[in-house]
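Here is what each chain is made of, one letter per residue.
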Amino acid sequence: MIEYAIGVDLGGTNLRAAAIDRSGKMLDKISEATNYQEGREAVLHDIVSAIQKMRDKIGPSGLAGIGVGVPGFIRMKEGFITGSNNLPYLENFPVRDEISRRLGTWVILENDANAAAMGEKWIGAGREVDDLVLLTLGTGIGGGIISGGRVLRGVVGMAGEPGHMTVVYNGNPCGCGNQGCLEKHASATAVTAMAHLLHLGQDLTSKDVADIAREDSENGEKARAIWRVVGESLGVALATLVNVFNFPLYLLSGGMLPAWEFFEPPMMRTLEQRSFTYRATKTETHVAQATLGNEAGLYGAAYLPWVEK
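Residues numbered from 1 in each chain as written. Predicted model: local features only at pLDDT ≥ 70, side-chain atom pairs only at ≥ 80, totals over all residues. Heavy atoms only, no water.

Novice: How should the packing of helix 3 (residues 112–123) against helix 10 (residues 296–307) be read in this particular structure?
Specialist: The description of two helices packed together rests on the angle between their axes and the distance between the axes. Two elements in contact, helix 3 and helix 10, have axes separated by 6 Å at closest approach and are oriented at 80°. On the basis of their axis angle, the class for helix 3 and helix 10 is roughly perpendicular. Residues Ala115, Ala116, Met118, Gly119, Glu120, Trp122 and Ile123 of helix 3 form the contact with helix 10, whose own contacting residues are Ala296, Gly297, Tyr299, Gly300, Ala301, Tyr303, Leu304, Trp306 and Val307. Looking at the contact of helix 3 with helix 10 residue by residue, the class counts come to twelve nonpolar, three polar and one charged. (Axes fitted to C-alpha atoms, helices over the stretch in contact; angles between N-to-C directions. Helix = DSSP H or I, 4+ residues; strand = E, 2+ residues; numbered from the N terminus. Parallel < 35°, antiparallel > 145°, perpendicular 65-115°, else oblique. Contact = heavy atoms within 4.5 Å. Nonpolar A, V, L, I, M, F, W, Y, C, P; charged D, E, K, R; others polar.)

Novice: Please explain the side chain of Arg153 as it appears in this structure.
Specialist: In this fold, Arg153 is placed in the loop between strand 10 (150–151) and helix 4 (183–186). The exposure class assigned to Arg153 is buried, which follows from its relative accessible area of 15%. Among the polar contacts made by the side chain of Arg153, one reaches the side chain of Glu308 at a distance of 3.1 Å. When near neighbours in sequence (up to four residues on either side) are disregarded, Arg153 contacts Met76, Glu110, Met158, Ala159, Leu304 and Glu308. (Buried < 20%, exposed > 50% of the residue type's maximum accessible area, 1.4 Å probe, protein only. Polar contact = N/O pair within 3.5 Å; in protein donor to acceptor, adjacent residues only side chain to side chain.)

Novice: Please explain the sheet that holds strand 2 (residues 14–21) as it appears in this structure.
Specialist: Picture the strands of a sheet paired through backbone hydrogen bonds; they go either parallel or antiparallel. A sheet is described by the order of its strands in space; here five strands give the open sequence 3-2-1-4-7, paired in mixed fashion. The two strands at the open ends of the sheet, each matched to only one other strand, are strand 3 (26–33) and strand 7 (107–111). The sheet shows a mean angle of 15° between the axes of neighbouring strands, direction not considered. Across the sheet, helix 1 (residues 40–58) touches strand 1 (4–10), strand 2, strand 3 and strand 4 (63–70), and the angle it forms with strand 3 is around 155°. Across the sheet, helix 2 (residues 95–103) lies against strand 4 and strand 7, angled at about 150° from strand 7, the strand it touches most. (Pairing = 2+ DSSP bridges.)

Novice: Please explain the state of the cysteines as it appears in this structure.
Specialist: Between two cysteines, a covalent bond joining their sulfur atoms is known as a disulfide. Scanning the entire structure with this criterion turns up zero disulfides. Cys176 takes part in no disulfide bond, and the closest cysteine sulfur, belonging to Cys181, lies 3.6 Å away. The buried category is assigned to Cys181, whose relative accessible area is 0%. (Disulfide = S-S within 2.5 Å.)

Novice: Just to check I follow, could you spell out the nonpolar core for this structure?
Specialist: What tends to happen in soluble globular proteins is that the nonpolar side chains get buried as a cluster. Core analysis: the biggest nonpolar cluster contains 45 residues, and Trp227, Val230, Leu234, Leu252, Phe263, Met267 and Val287 have the highest contact counts within it. When contributions to this core are tallied by element, the ones reaching two or more residues are strand 8 (132–137), strand 9 (141–147), helix 5 (188–197), helix 6 (206–213), helix 7 (218–245), strand 11 (249–254) and helix 8 (260–274). For this core, the element with the most residues is helix 7, which contributes eleven residues. One finds Ile47, Ile51, Leu87 and Val95 within the second-largest nonpolar core, a separate group that totals 30 residues. (Core = buried A, V, L, I, M, F, W, Y, C linked by side-chain atoms within 4.5 Å.)

Novice: So what exactly am I meant to see when it comes to the packing of aromatic side chains here?
Specialist: For any pair of aromatic rings, the description rests on two quantities: the centre-to-centre distance and the angle between the ring planes. Summed over the entire model, instances satisfying the criterion amount to six aromatic pairs. A centroid spacing of 6.3 Å and a plane angle of 70° characterise the contact between Trp122 and Tyr299, whose relative ring orientation is edge-to-face. Residue Trp122 is found in helix 3, and its partner Tyr299 is found in helix 10; the two are separated by 177 residues along the sequence. The buried category is assigned to Trp122, whose relative accessible area is 12%. (Phe/Tyr/Trp six-rings, centres within 6.5 Å; stacked < 30°, edge-to-face > 60°.)

Novice: Can you help me understand the sheet that holds strand 10 in this one?
Specialist: Read from one edge of the open sheet, five strands run 10-9-8-11-12, paired in mixed fashion. The sheet is open, and its two borders are formed by strand 10 and strand 12 (286–289), each paired with just one other strand. Examined bridge by bridge, strand 8 and strand 11 share six bridges and lie parallel to one another. Across the sheet, Thr136 pairs through a bridge with Ser253, a residue of strand 11.

Novice: For this particular structure, what's the right way to read helix 1?
Specialist: Every α-helix winds through 3.6 residues per turn, so residues three or four apart in the chain are directed the same way. For helix 1, built from 19 residues, the straight-helix expectation of 27 Å at 1.5 Å per residue is met to within 8% by its first-to-last C-alpha distance of 28 Å. For helix 1, every residue scored as buried is listed here: Ala42, Val43, Leu44, Asp46, Ile47, Val48, Ala50, Ile51, Met54 and Arg55. Elements that come into contact with the buried residues of helix 1 comprise strand 1, strand 2, strand 3, strand 4 and helix 2. Once helix 1 finishes, Gly59 follows within two positions and takes phi at roughly 120°, a positive value. (Expected span 1.5 Å × (residues − 1).)

Right under this line is the structure:
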């Protein structure tokens, strides 16, 4: 009998699921579009159907449990999703208990960035440590905190939201109601907004801005200035995190990593300037790129049933 767990990564338009054994070997994987426009029942059917296919293929007796990673805040006690712009049809609905009822299997619901952080801790860049912070750099900035080998969730599952840390006093307004949030100054959305203001082109992606930064031109200089702002903003955030947690590892992941060469130097310089804890513990405190890419959430979600037993 193979002991395994199933991890599910549910986005606004895509559903991915993977069966992974206790050693971290991926046994099977499914990726398909979700019928989110058809409503809650269609999405629940897709999730349950994907899991059933895997369970039937590998064998139901070895299934340790199911982890489901979703965008948004999770009220862990109730198993509800709240504050998810991508999954409004599942808001304040007992998703965890409904999936568990239909499958007759233990289900854990988790924020997708928390699941990614757990994946990196299990078999990714954080496998040698029990304490780490992951920042996910994309359209917005999410994150997850692993403390003592477990997800740090807070009182209602809303811990680990570094994207809404203030890094620029009275900076750009954010949809959360704050000003100067990290994701308004260091996300892919912020990069493309700055590129537009500097007339670097229309409909650019953060990768496009990274490519322009490699040019020996006036536009290249402007693009490098954008990445300097990104790096300094991330450095301010990391300095706060290092001072608060004194963890050994801080990981960055997501679609912004192709520009690492441009934002890493100002990021590390700002971190050293602003964190006395970092200056005192440089040999024990590391900032690095995550290694699992978009598979991290699948691995982390699958690992949860073993961790949460």
